Amino acid sequence: QVTDRPFSLQSAWGLATGLVRNEGVSSLWRGNSAVLVRTMPYVSIHFLAHDMAEDALRERPGDNLSATRKFAAGAFAGVTGTVCTYPLDLIRARLAVGPTYSWTTLVRDIYG
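What counts and what doesn't
- Residues numbered from 1 in each chain as written.
- Predicted model: local features only at pLDDT ≥ 70, side-chain atom pairs only at ≥ 80, totals over all residues.
- Heavy atoms only, no water.
- Helix = DSSP H or I, 4+ residues; strand = E, 2+ residues; numbered from the N terminus.
- Buried < 20%, exposed > 50% of the residue type's maximum accessible area, 1.4 Å probe, protein only.
- Expected span 1.5 Å × (residues − 1).
- Salt bridge = Lys/Arg side-chain N within 4 Å of Asp/Glu carboxyl O.

*Asks:* What's the story with the side chain of T85 in this structure? I'm lost.
*Replies:* Residue position: T85 is located in helix α3 (residues 67-97). Judged by relative accessible area, which is 3%, T85 ranks as buried.

And the structure:
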């Protein structure tokens, strides 16, 4: 949330129509490319880390894992994916709520 006002459909509709009127229809998708750029690597890293963790937690190849070990593998995968893609999530958030940025300006603001 970027405001402390309670949500209502009327205010959401007003915001959407104001965005379209002032900035054009494309403003409704601001930050969407950053979501895609962040999501694809996150999911790839998550799947890879999950499979590697499950293999490492098996006592013998082909054994089924207990619920605790499956939870541990999922937690490891989630942490690994998040740590690796957090800078992309920061860029996504800035594109979604901030002024119009270019990719180069965003990277310079974050890293430099």
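*Asks:* Mind showing me how you'd approach helix α1 (residues 9-23) here?
*Replies:* With 15 residues, α1 should reach 21 Å at 1.5 Å per residue; the first-to-last C-alpha distance of 21 Å fits that figure. Positive phi shows up at G24, right after α1, with a value of about 95°.

*Asks:* Please clarify how the pattern of salt bridges should be interpreted in this entry.
*Replies:* As a working rule, side chains carrying opposite charge can pair if their charged atoms are close by. Taken as a whole and judged by the stated rule, the model has three salt bridges. Across the pair E59 and R69 runs a salt bridge, and its minimum N-O distance is 3.5 Å. In this pair, E59 sits in the loop between α2 (32-57) and α3 while R69 sits in helix α3, placing the two residues 10 residues apart along the sequence. For the salt bridge of R60 with D63, the shortest nitrogen-to-oxygen distance reads 3.6 Å.

*Asks:* How should the environment of V83 be read in this particular structure?
*Replies:* With respect to the element layout, V83 can be found in helix α3. Residues V83 and Y42 lie 41 residues apart in sequence; the distance between their C-alpha atoms is 9.3 Å.

*Asks:* Would you mind going over α2 with me for this structure?
*Replies:* For an α-helix, the turn length of 3.6 residues means that residues three or four places apart are oriented alike. The end-to-end C-alpha distance of α2 is 37 Å, a good match for the 38 Å that 26 residues give at a rise of 1.5 Å each. The complete set of buried residues in α2 reads A34, A49, A53 and E54.

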